[in-house]
Amino acid sequence: MTVDHILLAIPPLAVYLIVGLVVGVESLGIPLPGEIVLVSAALLASHHQLAVDPVAVGGAAIAGAVVGDSIGYLIGRRYGMTLFDRLGRRFPKHFGPRHVALAERFFGRWGMWAVFFGRFVALLRIFAGPLAGALRMHYPRFLVANVAGAIAWAGGTTAAVYYLGIVAEKWLSRFSWVGLGVAVVVGVAVALVVRRRTHRMLDEVEVPDQAAPVSAGDDTAGSAGTTGPAGTAGSTAPTSAP
């Protein structure tokens, strides 16, 4: 059985469900390759012999991102910063103190925009929902940034990959697979540069022994002191949401 026969045997509904599920679980706070799954599905949609609809792919990714982030927000709001203490001990590679501190820095500086732009950054994509809840960001603001970021990221990625796939298919039919190899190399190089930059930012983060979390705009965090990760009272956290 050839690769074309295998691709033709994939039900479009299964593609949509996988995209929505993987993106949703990643947005919930569990590290999964949501971006890779979305790009792969968009490439499938660019092959017209397949019945995969690019609009449905983008819609599934948007729905998964919004629902997953919202569930992550509720979990973060329920358990607070102690959630990241537990996750950091069990999964230090993804939720270590430096990862949390860097994510808090983004939230402290950008507020609700950290949720929007966090959709485009792998590190923040798994932190955005739970951390926004833990920092008690106003849910209406979170929801606006969440939906807007999901549409921009999922819709934009799907559209870009879909049309690039169409162009690449026509181009490869005229030339050779060398161009595809070059494109893959360039893509891997960009990914490595982004990863290296992220690790450099993590190395520059100073992790205090105990620090009060930065407020993301809760109505109860205005004048009262906040509670630190270890449960001790901290200083009043600045409100940085726009």
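Cut-offs and rules
- Along each chain, numbering runs from 1 in the same order as the chain's sequence is written.
- pLDDT decides what is reported in this predicted model: residues at 70 or higher carry local features, side-chain atom pairs at 80 or more are listed and counted, and totals for whole chains, interfaces and linings draw on all residues regardless.
- Side-chain calculation: all heavy atoms of the structure are included, whereas hydrogens and water are not.
- Elements are defined by DSSP. Helices are runs of H or I of four residues or more, strands are runs of E of two residues or more, and each kind is numbered from the N terminus.
- Burial classes follow relative accessibility: with a 1.4 Å probe on protein chains only, a residue under 20% of its type's maximum area counts as buried, one over 50% as exposed, and anything between as partly exposed.
- Contacts are assigned to residue pairs that have any heavy atoms within 4.5 Å of one another.
- Salt bridge, as used here: a side-chain nitrogen of Lys or Arg that lies within 4 Å of a carboxyl oxygen of Asp or Glu.
- Buried Ala, Val, Leu, Ile, Met, Phe, Trp, Tyr and Cys residues form a nonpolar core when they are joined through side-chain atoms within 4.5 Å.
- Patch membership requires more than 30% relative accessible area and the absence of a salt bridge. Residues of like charge join within 9 Å; the nonpolar side chains Val, Leu, Ile, Met, Phe, Trp and Tyr join within 5 Å.
- For accessible areas, the Shrake-Rupley method is used with a probe of radius 1.4 Å. Any residue's cover is judged against the shown protein chains and nothing else.
- Note on geometry: axes are C-alpha line fits, over the in-contact stretch for helices, and angles between N-to-C directions span 0 to 180 degrees.
- Roughly parallel means an angle under 35 degrees; roughly antiparallel, over 145; roughly perpendicular, 65 to 115; everything else is oblique.
- It is the rotation of the near helix from the far one that decides the hand of a crossing: anticlockwise by less than a right angle makes it left-handed, clockwise makes it right-handed.
- Following the grouping adopted for this structure description, the nonpolar residues are Ala, Val, Leu, Ile, Met, Phe, Trp, Tyr, Cys and Pro, the charged ones are Asp, Glu, Lys and Arg, and the polar ones are all others, Gly among them.
- For Phe, Tyr and Trp, where Trp contributes only its six-membered ring, two rings pair if their centres lie within 6.5 Å, and the inter-plane angle classes them as stacked under 30 degrees, edge-to-face over 60, or tilted in between.
- Consider the ring centre and the ring normal. A charge sits over the ring if Lys NZ or Arg CZ is within 6 Å of that centre and within 35 degrees of that normal.

Describing the overall build of the protein
And then number 1: Counting its secondary structure elements, the protein contains twelve helices and zero strands.
And then number 2: For the protein, the α and β elements follow one another from N to C terminus as α-α-α-α-α-α-α-α-α-α-α-α.
And then number 3: Counting all 242 residues of the protein, 39% fall into the buried class.
And then number 4: Sequence-distant contacts, at least 24 apart, represent 72% of the contacts inside the protein between residues at least 6 apart.

Here's the deal with the side chain of aspartate 69
And then number 1: Assignment of secondary structure puts aspartate 69 in helix 4 (residues 54-79).
And then number 2: In this structure aspartate 69 comes out as buried when scored by relative accessible area, which is 1%.
And then number 3: In this structure, aspartate 69 is in contact with Ser27, Arg119, Arg125, Ala128, Gly129, Phe142 and Asn146, ignoring residues within four places of it in sequence.

Focus: the pattern of salt bridges
And then number 1: A complete count under the given rule lists three salt bridges for this structure.
And then number 2: Notably, a salt bridge pairs glutamate 35 with arginine 125, separated by 3.5 Å at the nearest N-O pair. Separated by 90 residues along the polypeptide, glutamate 35 in helix 3 (residues 34-45) and arginine 125 in helix 9 (residues 122-125) bring together distant segments of the chain.
And then number 3: On the basis of relative accessibility, which here comes to 32%, the residue glutamate 35 falls in the partly exposed class.
And then number 4: By relative accessible area, which is 3% here, arginine 125 ends up buried.
And then number 5: Note that aspartate 69 and arginine 119 form a salt bridge whose closest N and O atoms lie 2.6 Å from each other. On the criterion of sequence distance, the pair formed by aspartate 69 in helix 4 and arginine 119 in the loop between helix 8 (112-118) and helix 9 is long-range, its members being 50 residues apart. For the pair shown, aspartate 69 and arginine 119 are each scored as buried.
And then number 6: When salt bridges with common partners are traced through the structure, they connect Glu26, Glu35 and Arg125 into a single cluster.

Observations regarding the nonpolar core
And then number 1: Core analysis: the largest hydrophobic core is formed by 21 residues, its most contacted members being Phe84 and Phe107.
And then number 2: Secondary-structure elements contributing two or more residues to this core are helix 7 (97-110), helix 8, helix 10 (128-134) and helix 11 (139-174).
And then number 3: If you tally residues by element for this core, the top one is helix 8, at four residues.
And then number 4: In terms of nonpolar packing, the next biggest core, distinct from the first, is built from 20 residues, Val19, Val23, Leu50 and Ala60 among them.

With respect to a nonpolar patch on the surface
And then number 1: Taken together, the side chains of Trp110, Trp113, Phe117, Phe120 and Val121 present a nonpolar region at the surface, about 500 Å² in accessible area.
And then number 2: Tracing the sequence through the fold places tryptophan 110 in helix 7.

What to know about the packing of helix 3 against helix 4
And then number 1: One way to put it is that helix 3 packs onto helix 4 with a least axis distance of 9 Å and a crossing angle of 165°. On the basis of their axis angle, the class for helix 3 and helix 4 is roughly antiparallel. Remark: the crossing between helix 3 and helix 4 carries right-handed chirality. In this structure, helix 3 contributes Leu38, Ala41, Ala42 and Ala45 to the contact, and helix 4 contributes Pro54, Val57 and Ala61.
And then number 2: Its residues placed into classes, the contact of helix 3 with helix 4 shows seven nonpolar, no polar and no charged.

Considering the packing of aromatic side chains
And then number 1: A complete count under the given rule lists eight aromatic pairs for this structure.
And then number 2: Geometrically, the ring pair formed by tyrosine 73 and tyrosine 139 is tilted, given 5.1 Å between the ring centres and 55° between the ring planes. With tyrosine 73 in helix 4 and tyrosine 139 in helix 11, this residue pair connects regions lying 66 residues apart in the sequence.
And then number 3: Since its relative accessible area comes to 31%, tyrosine 139 is described here as partly exposed.
And then number 4: Here phenylalanine 116 and phenylalanine 117 contribute two aromatic rings whose centre-to-centre distance is 5.0 Å and whose plane-to-plane angle is 90°, an arrangement assigned as edge-to-face.
And then number 5: Phenylalanine 116 gets classed as buried once you look at its relative accessible area, which sits at 16%.
And then number 6: A connected cluster of aromatic rings, assembled from ring pairs, spans Trp113, Phe116, Phe117 and Phe120.
And then number 7: Lying over the aromatic face of tyrosine 79, arginine 78 brings its terminal NZ or CZ to 4.9 Å of the ring centre.
And then number 8: Seen from the ring of tryptophan 153, arginine 119 lies directly overhead, with NZ or CZ sitting 5.3 Å from the centre.

These figures come from the coordinates and say nothing about function on their own.
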